[in-house]
Amino acid sequence: MGFVRLRRRNVSSPCASNMTTFRLLFFTLCAPGVLSFTPMASVYPQDPALLIGSSLTATCSVNPDHGLHAGSLYWTLNGKRLPSSTYSILSPTVLSVTLKNLSGSRQRSGDNLVCHGGSGHVLAGSCLYVGMPPEKPVNLTCWSRNTKDLTCRWAPGGQGETFIKTKYTLKYKLRWYGQEKECEDYSAGPYTCYIPRDLALFTPYEIWVEASNQLGSATSDVISLDILDVVTTDPPADVHVSRVGDLEDQLTVRWGTPPALKDFLFQAKYQIRYRLEDSTEWKVVDDMGNQTSCRLAGLRPGTVYFVQVRCNPVGILGSRKAGIWSDWSHPTAASTPHSERLLTGSCDSKAGQQNSTLRRDLKQFFGWVRKRAYGCSGMSIKLYDQWRVWLQKSHKTRNQVLQGDKS
């Protein structure tokens with residue numbers, strides 16, 4: 001059917017450029033100043049779907065009653081005039097255009113192929129949907145924040161770009177007897193759907209994604225899961241990092257249990273990671289178990305560290321599978337104390353000679369302790385703490401004696 005819109009210069013698209021805004025409305029164009037339901041022209045084919053690389057010949061047929069000749073017409077594609085070398089006059093009232101090796105549509109709502117009269121007014125148009133059929137969606141994963149909801153995310157197959165509007169639908173059902181349902185909330189982001197309620201526990205679900213557009217359809221592999229096996233949490237709350245007295249190479253990290261799961265019987269595994277202020281390399285402490293505090297040892301004195309914590313719930317309502325790691329908490333910063341040895345130095349060469357053998361032995365022994373104190377190993381850190389406190393007190397005493405002698 002032929003259609004045009006109300007006269008408006010330099011805008012000649014019969015296709016919607018944005019489906020969420022207003023659609024351009026086309027009306028019948030008749031002789032000047034006269035409205036009629038008789039179309040002045042029509043374009044064929046109407047709104048075809050074509051594979052990338054295809055060729056197309058379209059025709060614009062004008063109503064002979066309006067006295068227009070095919071030789072006075074011309075074509076535009078997305079507002080750009082097409083060369084006359086692509087035209088053919090098939091009859092006094094029919095002008096064709098041939099497009100070869102078509103590229104993917106520039107907008108998902110279709111490319112605008114428009115037939116114009118000699119004065120530039122729009123006679124008729126068609127939307128061209130040039131693209132690819134979707135490939136099988138991949139990497140479908142799902143998780144629950146509170147055992148009552150489910151969020152699923154996937155990736156489009158292949159290179160992901162189809163160039164035309166492609167619909168993705170997440171479907172799910174109970175494995176043995178459930179009725180197939182469709183997820184309805186896609187507001188969380190692209191290739192993501194959220195199921196807020198009405199999910200069964202202790203029963204596996206089958207979940208899959210269907211992709212479709214005007215050129216074809218594809219279905220992902222089906223995954224099977226129990227809601228209790230894919231529970232995750234928000235990051236641990238109230239992460240605090242503080243110094244351990246005057247110990248120059250240690251920090252204490254404490255955090256709270258994720259609030260969303262306090263009402264459920266579960267054990268949690270925690271991980272800590274930390275890095276220097278001027279570094280992008282994280283070190284991970286992953287032997288935390290269910291404790292909500294940790295002592296980091298072997299750090300650099302007088303240095304700012306960033307620390308993060310995450311949680312993995314285990315054994316939710318008796319599930320035997322590990323849950324899914326939460327996101328990392330927001331980085332929390334703290335600094336270790338400066339080393340007194342670096343700040344005060346020593347001016348007594350005899351005292352240094354008397355202690356050189358002892359220091360050498362202690363350095364070798366506690367070097368061994370320090371290697372095994374990495375992370376949160378309780379016994380090694382306790383022994384290391386005792387040595388550090390003793391060593392720092394001995395430095396303070398010696399410095400006080402030296403300063404007294406000088407005075």
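Cut-off values and rules
Residues numbered from 1 in each chain as written. Predicted model: local features only at pLDDT ≥ 70, side-chain atom pairs only at ≥ 80, totals over all residues. Heavy atoms only, no water. Pairing = 2+ DSSP bridges. Helix = DSSP H or I, 4+ residues; strand = E, 2+ residues; numbered from the N terminus. Axes fitted to C-alpha atoms, helices over the stretch in contact; angles between N-to-C directions. Patch = residues over 30% accessible without salt bridge, like charges linked within 9 Å, V, L, I, M, F, W, Y side chains within 5 Å. Areas by Shrake-Rupley, 256 points an atom, 1.4 Å probe, with all protein chains shown as cover. Salt bridge = Lys/Arg side-chain N within 4 Å of Asp/Glu carboxyl O. Buried < 20%, exposed > 50% of the residue type's maximum accessible area, 1.4 Å probe, protein only.

Asker: Residues and numbers for the sheet that holds strand β10 (residues 138-143), please.
Answerer: The 3 strands lie next to each other as β10-β11-β14, forming an open sheet whose pairing is antiparallel. Strands at the two margins of the open sheet, each flanked by one partner only, are β10 and β14 (192-195). On average, each strand axis in the sheet is tilted by 15° relative to the strand beside it, whichever way the strands run. Pairing between strand β11 (residues 150-155) and β14: 4 bridges, direction antiparallel. Looking across to β14, one finds that cysteine 152 is bridged to cysteine 193.

Asker: Give a description of the pairing of β10 that names residues and reports values.
Answerer: As paired strands, β10 and β11 are joined by 4 bridges and run antiparallel to one another. By the bridge assignment for β11, tryptophan 143 is matched with threonine 151. Hairpin connection from β10 to β11: 6 residues lie between these consecutive antiparallel strands, with threonine 147 at a positive phi of about 70°.

Asker: Now, about a nonpolar patch on the surface: what can you tell me, with residues and values included?
Answerer: Taken together, the side chains of Leu51, Ile52 and Met132 define a hydrophobic patch exposed on the protein surface, amounting to about 230 Å² of accessible area. Inspection of the secondary structure assignment puts methionine 132 in the loop between β9 (122-131) and β10. Take methionine 132: its relative accessible area is 35%, and that puts it in the partly exposed class.

Asker: Now, about the pattern of salt bridges: what can you tell me, with residues and values included?
Answerer: The full count for this structure, using the stated rule, is 6 salt bridges. Among the salt bridges present, the one from glutamate 161 reaches arginine 108, with a minimum N-O distance of 3.0 Å. Remark: arginine 108 occurs in the loop between β7 (94-99) and β8 (111-116) and glutamate 161 occurs in the loop between β11 and β12 (167-174); sequence separation between them is 53 residues. Taking relative accessible area as the criterion, glutamate 161 reaches 36% and is therefore assigned partly exposed. Ionic pairing is found between glutamate 210 and lysine 171, a salt bridge with its closest N-O pair at 2.9 Å. Here the residue glutamate 210 occupies a position in strand β15 (residues 205-213), and lysine 171 occupies one in strand β12, the gap between them amounting to 39 residues. A residue is classified by how much of its surface remains accessible, and glutamate 210, at 27% relative accessible area, is partly exposed. Lysine 171 gets classed as buried once you look at its relative accessible area, which sits at 11%. What you see here is one network of salt bridges that share partners, running through Lys171, Glu180 and Glu210.

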